[in-house]
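Residue-level listing of the chains:
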Amino acid sequence: MEAHLVHRNAATGSFAVVAVMLQPPSTSAAVQPNPCLAAALAHVPETPQTEAACPISVDPMQLLPAGAAAGRFVHYSGSLTTPPCSEQVDWLVWEQPLPVAPEQVLDFMRFTGDGKTYSHNA
């Protein structure tokens, strides 16, 4: 799973995207649920792939790696991955995935619909 935090410069209209991979642990080690992701998932619509306003604020800083991993990212110029697919977008992609609880990944997969499970992650 991946989080994209999309920023638009109001003066120039240019875009920057901060991206971080969200990854469940590869072992049976317990991972605390990410509070930002938990808050967002608690307010997703009942019907998969629909939109609804979120009645709470979330702290997007909780989606970024902390500590030594916080400053390690790759920068490149690319485009938005969704319409309008604008080009000349500055991408900052964190090298270190952010650990998330496996149940949060499954909750997100239920929201996206199509009956996807971990087995679809090849």
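Preceding this paragraph is the structure being described.
(A) Representation of the overall build of the protein chain within the structure. Helix and strand counts for the protein chain come out as two helices and five strands. Across the protein chain, helices and strands are ordered from the amino to the carboxyl terminus as β-β-α-β-β-β-α. By residue count, 27% of the 122 residues in the protein chain fall in the buried class. Within the protein chain, counting contacts between residues at least 6 apart in sequence, those at least 24 apart form 54% of the total.

(B) Layout of the nonpolar core. One finds Val-20, Leu-22 and Leu-63 to be the most contacted residues of the largest nonpolar core, which totals 15 residues. Breaking this core down by element, the ones donating at least two residues are β1 (2-8), β2 (15-23), α1 (35-41) and α2 (102-112). Discounting residues that sit within four places of it in the chain, Leu-22 has contacts with Met-1, Glu-2, Ala-3, Leu-37, Leu-63, Leu-98 and Val-100. Grouped together as the second largest cluster of nonpolar side chains are seven residues, Phe-15, Ala-19, Val-89 and Val-93 included.

(C) Looking closely at α2. Among the residues of α2, Gln-104, Val-105, Met-109 and Phe-111 are the ones counted as buried. Along the axis of α2, the buried residues cluster in a sector spanning 160°; they form a single face. Considering only its buried residues, α2 is in contact with α1.

Parameters at a glance
Residues numbered from 1 in each chain as written. Predicted model: local features only at pLDDT ≥ 70, side-chain atom pairs only at ≥ 80, totals over all residues. Heavy atoms only, no water. Helix = DSSP H or I, 4+ residues; strand = E, 2+ residues; numbered from the N terminus. Buried < 20%, exposed > 50% of the residue type's maximum accessible area, 1.4 Å probe, protein only. Contact = heavy atoms within 4.5 Å. Core = buried A, V, L, I, M, F, W, Y, C linked by side-chain atoms within 4.5 Å. Arc of directions from axis to C-beta.

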